[in-house]
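Each chain is listed here by its residues.
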Amino acid sequence: MGEAARITVICGHYGCGKTNLALNLALEAAAAGETVTVVDLDIVNPYFRSSEYGGLLEKNGVRLIAPVFAGTTLDTPTLPPEIYSIFDGGAGRVFLDAGGDDAGVTALGGLHSQLAEAGYDMLYVVNRYRVLSQTPEEAAALLSEIETASRLKATAVVNNSHLGVETKLSDLTAALPFAQKAAELTGLPLLYSTAPDFALAEGETLPEGFKPIRRYVKFLWEQEEQ
């Protein structure tokens, strides 16, 4: 792939790890001195929205734009007027955390013309260990639904296969054939595979093609224990 676009859309099925990836990419860009904006469009899934991490983003100088009805049961997602500011150069690098599946990315359909004009990358996040996307064929079919709903086209696959805090290096490598086949079926490049910061035992090293990421998104019961 060539130089990354200024705007990156991150999409995928429920629980695939979109929000955690969006947070990692945004905070990495901010740490590198870039101006960064995160747009939370994950309206369907009420548990792992970027808008729940506003404090973390603000502390690191990242601007957050959240949907008007984030986390509600309303059928029609409403885009805040502020979202159109992402097409101004002053927004810097933009990361859109899209919804859980075709229903969750419907909001993106209202932006497809502007996104197409501005140019964008759309990363399709897959996780071998999540229900309804455990085979390459299921993952490819789900992407087709997402693209239809959003009227956008994915540009690359990111393999985010993991088992939460139980993840080991062997789990990461075991999911590689799944990710490679999913990329082949979608006709997209496999950009990289992620490796959670807790997955490596002492003395283990990551194979080529893996991107280390931090785990920012926690389950509700873990948040309550803090």
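Residues numbered from 1 in each chain as written. Predicted model: local features only at pLDDT ≥ 70, side-chain atom pairs only at ≥ 80, totals over all residues. Heavy atoms only, no water.

A look at the overall build of the protein
To keep it simple, the criterion reads: A run of H or I in DSSP counts as a helix once it spans at least four residues, and a run of E counts as a strand once it spans at least two, with each numbered from the N terminus. Throughout, exposure labels follow a simple rule: accessible area from a 1.4 Å probe, protein chains only, divided by the maximum for the residue type, with under 20% read as buried, over 50% as exposed, and the rest as partly exposed. Any two residues having at least one pair of non-hydrogen atoms within 4.5 Å are treated as being in contact. Note on areas: these come from Shrake-Rupley sampling with a 1.4 Å probe, and a residue is covered only by the protein chains present in the view.
Summing up its helical and strand segments, the protein has 8 helices and 8 strands in all. Out of the 226 residues belonging to the protein, those deemed buried represent 50%. Contacts in the protein between residues at least 24 apart in sequence constitute 76% of all its contacts with a sequence separation of at least 6. Element-wise, carbon and sulfur atoms account for 52% of the exposed surface of the protein, whose accessible area totals about 10500 Å².

Details of empty space enclosed by the protein
If a probe the size of a water molecule is rolled over the atoms, the empty space left behind becomes visible. Rule in force here: In this analysis a 1.4 Å probe is tested at points of a 1 Å grid over the protein atoms alone, and where it fits but cannot get out there is a cavity; an open set with protein on both sides within 12 Å along at least five of seven lines is a pocket; lining residues have an atom within 4 Å of a point. Grid points are joined across faces, edges and corners, and a volume is the space filled by probe spheres set on the points. In the scheme used here, Gly and all other residues not listed as nonpolar or charged are polar, with Ala, Val, Leu, Ile, Met, Phe, Trp, Tyr, Cys and Pro taken as nonpolar and Asp, Glu, Lys and Arg as charged.
Scanning all chains against the criterion turns up 1 cavity of 30 Å³ or more. Looking at the largest cavity, its volume works out to about 30 Å³. In terms of lining residues, the largest cavity is bounded by H13, C16, Y124, V125, V126, N127, S133, A139 and L142. Listing elements by their share of the lining of the largest cavity, those giving two or more residues are β5 (121-126) and α5 (136-150). By residue number, the principal contributor to the lining of the largest cavity is β5, which donates 3 residues. Counted by class, the lining of the largest cavity contains 6 nonpolar, 3 polar and no charged residues.

Section: the environment of A179
Among the secondary structure elements, A179 is positioned in helix α7 (residues 176-186). For A179, a relative accessible area of 0% gives the class buried. Distance from A179 to V126, taken between C-alpha atoms, is 7.3 Å for residues 53 residues apart in sequence. Discounting chain neighbours no more than four positions away, the residues touching A179 are N159 and L190.

Quick word on the pattern of salt bridges
Defined as follows: Take a side-chain nitrogen of Lys or Arg and a carboxyl oxygen of Asp or Glu: if they are within 4 Å of each other, that pair is a salt bridge.
Enumeration according to the criterion identifies 5 salt bridges in this entry. A salt bridge links R63 to E82; the shortest N-O distance between them is 3.2 Å. Residue R63 is found in strand β3 (residues 63-65), and its partner E82 is found in the loop between β3 and β4 (93-97); the two are separated by 19 residues along the sequence. We note a salt bridge from K153 to E147, for which the minimum N-O separation is 3.8 Å. Residue classification places K153 among the exposed residues on the basis of a relative accessible area of 55%.

Here's the deal with the packing of α5 against α7
Quick note on the threshold: Here an angle of 0 to 180 degrees is reported between the N-to-C directions of two axes, which are lines fitted to C-alpha atoms, with helices fitted over the stretch in contact. In these notes the angle categories are as follows: under 35 degrees is roughly parallel, over 145 is roughly antiparallel, 65 to 115 is roughly perpendicular, and the rest is oblique. Handedness of a helix crossing follows the sense of rotation of the near helix relative to the far helix, less than a right angle counterclockwise being left-handed and clockwise being right-handed.
Orientation of α5 relative to α7, taken along the N-to-C sense of each, is 40°, at an axis distance of 8 Å. For the element pair α5 / α7, the angle class is oblique. Read as a crossing pair, α5 and α7 show a hand that is right-handed. Along the contact surface, α5 presents P136, E137, A139, A140 and L143, while α7 presents F178, K181, A182, L185 and T186. Of the residues that constitute the contact of α5 with α7, the class distribution is 7 nonpolar, 1 polar and 2 charged.

So, the nonpolar core
Stated formally: Put simply, a nonpolar core is a bunch of buried Ala, Val, Leu, Ile, Met, Phe, Trp, Tyr and Cys residues held in one set by side-chain atoms that sit within 4.5 Å of each other.
Core analysis: the biggest nonpolar cluster contains 34 residues, and V39, L41, L96, L108, L115, M122 and Y124 have the highest contact counts within it. Elements with a contribution of two residues or more to this core: β1 (7-12), β4, α3 (106-109), β5, α5 and α7.

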